[in-house]
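In case you want the letters, here they are:
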Amino acid sequence: MATYRFTVDSKRVSVDAQPEMPLLYALRDDLGLKNPHFGCGLAQCGACTVHVNGEAMRSCVLPMSAVAGKTVTTIAGLGTPEKPHPLQAAYVAEGVPQCGYCINGWVMTAAAVLKKNPKASDAELRDALAGLKCRCGTHVAILRAIKRAQTQLA
Amino acid sequence: MDRREFLKTSGALVVSFSLPPIEALAQGAGKPALVPTELDSWIAILPDGRVNAFFGKMDMGQGLDVAVAQIVAEELDVGFHKVDVVMGDTLTSCNQGGASGSTGVSNGARLMRRAAAEARRVLVERAAEKLGVPAAELKVADGVITAGEKKTSYSELVGGRYFHHQVEWNKQVGNPMDIKVPAKPKQPSDYKVVGKPLPRRDVAWKVYGTDGFVTDVRRPGMLHARVLRPPRVACKVRSIDEASIKGIRGARVIRDKDFVAVVAPKEWDAVRAAQTLKVDWEPMATPFPPMDQLYEHIRAAQVVKRADEVKKGDVNAALSAPGVKLVQAEYEWPFQSHASMGPACAVAEIKDGACTVWTGSQKPHFVRDGVSRLLGLPEDKVRAIWIAGPGSYGRNDAGDAAMDAAFLARATGKPVRVQGMRADGTAWDPKGPACVHRARAAIDATGKVVAYEFVSKGFSRQHIATNESQPADSLIGQTLGVPPKPNQIFGTPAESYGFENKLLGWETIPQFVDHCSPLRTSHFRDPVGPEIHFGSEQFIDELARAADEDPVAFRLRYLTEPRHAAVVKAVAEKSGWNSLGKGKGIAFAERNGTAVAVVAQVEVDRASGRVWARKLWVAHDCGLIINPEILRTTIEGNVVQGLSRTLFEEVRFDRDSVTSVDWTSYPILDIADAPESIDVTLIDRPEVAPSGAGEPTIRVIPAAVANAFFDATGVRLRRAPLSPERVKAALAKA
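Note that the structure is a prediction, hence the values are computed from the model and not measured.

About the thresholds
- Residues numbered from 1 in each chain as written.
- Chains lettered and ligands numbered in written order.
- Predicted model: local features only at pLDDT ≥ 70, side-chain atom pairs only at ≥ 80, totals over all residues.
- Helix = DSSP H or I, 4+ residues; strand = E, 2+ residues; numbered from the N terminus.
- Rg over C-alpha atoms; globule rule 2.2 N^0.38 Å.
- Buried ≥ 20, exposed ≤ 12 C-beta atoms within 10 Å, placed from the backbone.
- Contact = placed C-beta atoms within 7 Å.
- Domains from an automatic or database assignment.
- Nonpolar A, V, L, I, M, F, W, Y, C, P; charged D, E, K, R; others polar.
- Core = buried A, V, L, I, M, F, W, Y, C linked by C-beta atoms within 7 Å.
- Pairing = 2+ DSSP bridges.
- Right-handed = clockwise from strand over helix to strand, strands pointing away.
- Expected span 1.5 Å × (residues − 1).

Enquirer: Is there a simple way to explain the overall build of chain B in this structure?
Expert: Secondary structure assignment for chain B yields 18 helices and 30 strands. For 734 residues, the compact-globule estimate of 2.2 N^0.38 gives 27 Å, and the C-alpha radius of gyration of chain B, at 27 Å, lies within 12% of that figure. Along the first, second and third principal axes, the C-alpha set of chain B runs to 80 × 75 × 45 Å. For chain B, buried positions account for 58% of its 734 residues. Long-range pairs, those at least 24 residues apart, make up 77% of the contacts in chain B between residues at least 6 apart in sequence.

Enquirer: Where do I start with the overall build of chain A in this structure?
Expert: Within chain A one finds 6 helices and 5 strands. Starting at the N terminus and walking to the C terminus, you meet the elements of chain A as β-β-α-β-β-β-α-α-α-α-α. For 154 residues, the compact-globule estimate of 2.2 N^0.38 gives 15 Å, and the C-alpha radius of gyration of chain A, at 15 Å, lies within 12% of that figure. The dimensions of chain A, computed from C-alpha atoms along their principal axes, are 45 × 30 × 25 Å. When burial is assessed residue by residue, chain A has 58% of its 154 residues classed as buried. In chain A, 60% of the contacts between residues at least 6 apart in sequence involve partners at least 24 apart.

Enquirer: Before we go on, may I ask you to explain the domain arrangement of chain A in this structure?
Expert: A common measure of how large an interface is: the accessible area buried when the components associate. All names here are of chain A. We note that the domain assignment places domain 1 (2–77) and domain 2 (86–153) within chain A. Of note, the centres of domain 1 and domain 2, computed from C-alpha atoms alone, are 21 Å apart. Taken together, the contact between domain 1 and domain 2 spans 15 residues of the former and 12 residues of the latter. When contributions to the side of domain 1 that touches domain 2 are tallied by element, the ones reaching two or more residues are β3 (49–52) and β4 (55–58). Take the side of domain 1 that touches domain 2: its biggest share by element is 3 residues, from β3. Here the side of domain 1 that touches domain 2 is composed, by residue class, of 7 nonpolar, 7 polar and 1 charged.

Enquirer: Looking at this structure, how should I read the nonpolar core?
Expert: Nonpolar side chains in soluble globular proteins tend to end up buried together. Residues and elements named next belong to chain B. Counting residues in hydrophobic clusters, the biggest one holds 271 residues, and the most contacted among them are Ala53, Ala346, Ala405, Val571, Val598 and Val705. Tallying contributions element by element places helix α3 (residues 104–131) first for this core, with 12 residues. Those residues in contact with Val571, other than ones at most four positions away along the chain, are Ile586, Ala597, Val598, Val599, Trp617, Val618, Ala619 and Thr681.

Enquirer: Sorry if this is basic, but what is going on with the pairing of strand β19 (residues 345–351) of chain B here?
Expert: In the case of a regular strand, side chains alternate between the two sheet surfaces. Residue and element names in this part refer to chain B. Within β19, 6 of the 7 residues are buried, which leaves the element mostly enclosed by the surrounding structure. Where β19 lies against strand β22 (residues 416–419), 4 bridges are found, and the strand directions are antiparallel. Of the residues in β22, the one forming a bridge with Val347 is Arg417. Sheet topology note: the β19/strand β20 (residues 354–359) ladder contains 6 bridges and is antiparallel. Paired with Ala348 across the strands is Val357, a residue of β20. Counting the residues in the hairpin turn of β19 and β20 gives 2 residues, including Asp352, whose phi is positive at 50°.

Enquirer: I'm lost on the domain arrangement of chain B in this one. Help?
Expert: All names here are of chain B. For chain B, the domain assignment lists domain 1 (5–207), domain 2 (215–284 + 340–426) and domain 3 (532–734). Spacing between the C-alpha centres of domain 2 and domain 3 amounts to 38 Å. Listed per partner, the contact involves 8 residues of domain 2 and 6 residues of domain 3. Top contributing element to the side of domain 2 that touches domain 3 by residue count: helix α11 (residues 422–426), with 3 residues. Grouping the amino acids of the side of domain 2 that touches domain 3 by side-chain chemistry returns 5 nonpolar, 1 polar and 2 charged.

Enquirer: Looking at this structure, how should I read the pairing of β20(B)?
Expert: Residues and elements named next belong to chain B. A large share of β20 lies buried, amounting to 5 of its 6 residues. Here 5 bridges tie β20 to strand β21 (residues 382–386), and the two strands are oriented parallel to one another. Within β21, the position partnered with Thr359 by the bridge is Trp386. Handedness of the crossover joining β20 and β21 through helix α9 (residues 364–375) is recorded here as right-handed.

Enquirer: Please clarify how the interface of chain A and chain B should be interpreted in this entry.
Expert: At the junction of the two partners, chain A supplies 45 residues and chain B supplies 50 residues. The set of elements that each furnish at least two residues to the side of chain A that touches chain B consists of α1 (23–30), α2 (75–78), α3 (86–94) and α6 (139–153) of chain A. Counting residues per element, the side of chain A that touches chain B draws most heavily on α6(A), at 4 residues. Among the residues making up the side of chain A that touches chain B, the classes are represented as 24 nonpolar, 16 polar and 5 charged.

Enquirer: Got a minute to help me understand α6(A) in this structure?
Expert: Helical periodicity: at 3.6 residues per turn, an α-helix aligns residues three or four positions apart in one direction. In this model, α6(A) (15 residues) spans 21 Å end to end at C-alpha, consistent with the 21 Å of a helix rising 1.5 Å per residue. All of the buried residues in α6(A) are His139(A), Val140(A), Ala141(A), Ile142(A), Leu143(A), Ala145(A), Ile146(A), Ala149(A) and Gln150(A). Packed against the buried residues of α6(A) are α3, α4 (103–116) and α5 (122–128) of chain A together with α16 (628–647) and β30 (677–682) of chain B.

Enquirer: Would you mind going over unusual backbone geometry with me for this structure?
Expert: Most peptide bonds are trans, and most residues other than glycine sit at a negative phi. Following Asn35(A), the chain continues into Pro36(A) via a peptide bond in cis, with omega recorded as -5°. The residue after Ala720(B), namely Pro721(B), is reached through a cis peptide bond having omega -5°. Structurally, the position occupied by Pro721(B) is in the loop between α17 (701–713) and α18 (724–733). Positive phi is not limited to glycine here, since His164(B) has a value of about 50°. On the secondary structure map, His164(B) appears in the loop between α4 (154–158) and β9 (168–169). Positive phi values are uncommon outside glycine, yet Asp548(B) reaches one of about 55°.

So, in structure tokens, the structure goes:
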């Protein structure tokens, strides 16, 4: 066991954990956050995605030992109903999610992609989002929402 | 979501059920019993004039609650935004069957419409009495009742109190539950709210992470649990080495007969304990055939039950008539997994002899019934509360999680949260049944189809029931020794082709393993719909080509229902069928009153075997449209999930285990393969009562794609999925 200090959604936190425990369990179980979600525990789906120092990471496989001193942002820290990230606003406008359990993967990954490449083409977006899962099949609406957000970011 | 309040206590989120106003009225003092005969079981007017509609089905992320709110607002004459739909809690709603068979609007909301119309009638009657004005002279606008200067309101008349008014119940429970009322619902021509593209209500909290899923329910003192499923098919535990998890903080084993679980105060410790615990299972010797012999197995298997659902004329005679051209083909569909976005989760707590279960199951009333039977508690001592889970497309792993949680809460005396690991949602959920479809037809010298036969043979779609009301239908029940009682049922194509000699039938075969089977079969979105129509609508295409006729013209020649022909015409027109380039395919089907036709245009990469359904056109007729925008996105989801099942999904197994355990071994559609466009034509028929939309479109996708693949390559793929390996192999052979 060791104590890990880091920042989550602008709050400084500390968690006692084994170094190999994935960040996801600290966020959910120790810090009581409702996001992100456990989808596979294998970095195959994206439901647990958060930003770590601005990079989209799969928190279900990221060990605590790699998190010390880092800045973690969850979807709840990306934007709020009052101050939404353009992607969140676009998701609401397009009514994208169905079950919604996959949402962290798509929104957090797309947010990181658009930060680097706000004008990403359809092909670049599909490439950057490869591997993320959405079981309800909302992919077409996801792309619509990202393109809507791009008009806000442009 | 405002019915749940999340309180922050000692750093962890705790769900509090301190009953905000909605529930206070739903279960307050003096409330009549929660029975379908009480109007108060369906509608409540709050002191501020807001309306609660207590709905006994639930929305699975396709906006059903919005449709219900629109219908209730319409019939009651109140603003849409004043109506809250309260659903999924056995304490506040009657058992309308949960999410089931795309009946949310057709059955579920039909009842709500009647209840709302009756509430309005009663309120107007009471207003007439109060104001001393005949009811016919009263006007209602947004819950305010006026006659000239005289005025009262719903909230004044009954706000915060109960109607104490009886309605007539048809004595049915589940999907067919209905009521009869003297009130006459409005005519569609008078609709102001129904038909409007009003927005979803669950999007914002999901996008901002401001409310929780069932996975986010926390109770004070809660333990985390993982249930152990055997790595190889096994129904018996020989022994458990409890010392193997000795070093893991607070972890312990809970075992009863062949049910094994671990619990720990911290979730990560429960996960580690589940991964570490040494269990000696008694494996079964080769319960499954080699996977590459699955379809031979089905063909050769003994028939448990056969039903000829459509029988017209004498097919055999017509097939053997002299001079006819015989066309025959067989189609094969694999086991498929719900593979919900996350493995199922449930939380249960037992206090003062009463059990509360928080579940993502789409049928919480049946969870209540199942838990009550499992624990031997009276029904009124069990409360099941649905909270959005990680996806639900039928009988997935959610029912098992709910039963497991309840059992573990009793075994430990503490609130217990169960969530599976990935393999529990992929390898261990109930599966869509594998099947083979045999089709034969005869075409006479004039090119007319004179005989048509389509018979499906496969595993029953209800080896375990469609809901969790019986412990026999859950893994825990089976590990505790309750044998399942499979229902033998499959299905037939749903169409109106007017072939003069016609036989549509099905045959079911025995399960590989009676109980504790990872290949047990049950309902998966549009049960046996994609499976059957993958065959039947490809066969129609094969017949069209054998008769040297265009597939659209051929369908139009034989479809006898005008609404069926109308969707085929509409989709052909919208897609520009006649001028579309190569790689186009069409398919049509009906589903419980909804007609849908799809045109797909595919691109085939011969080198990689990739099939990309680049463009799709859908024409959809489900009668009266309640909300066109939500209907459109629901159809889109059907299309994409249908593409995934057509192109990628196949549960893999070896002789003694399911080897599809994650997203690598059970691939689904990736965004690279998402269509470029899905064009949806909605045919609104206000004069026709609404039918379902949650499933119909998915059944036509497989054949539309396979027909398009044939059009692109000249090769028929009669075995699903049309995966890259299979496509490459088929093209190499051609």
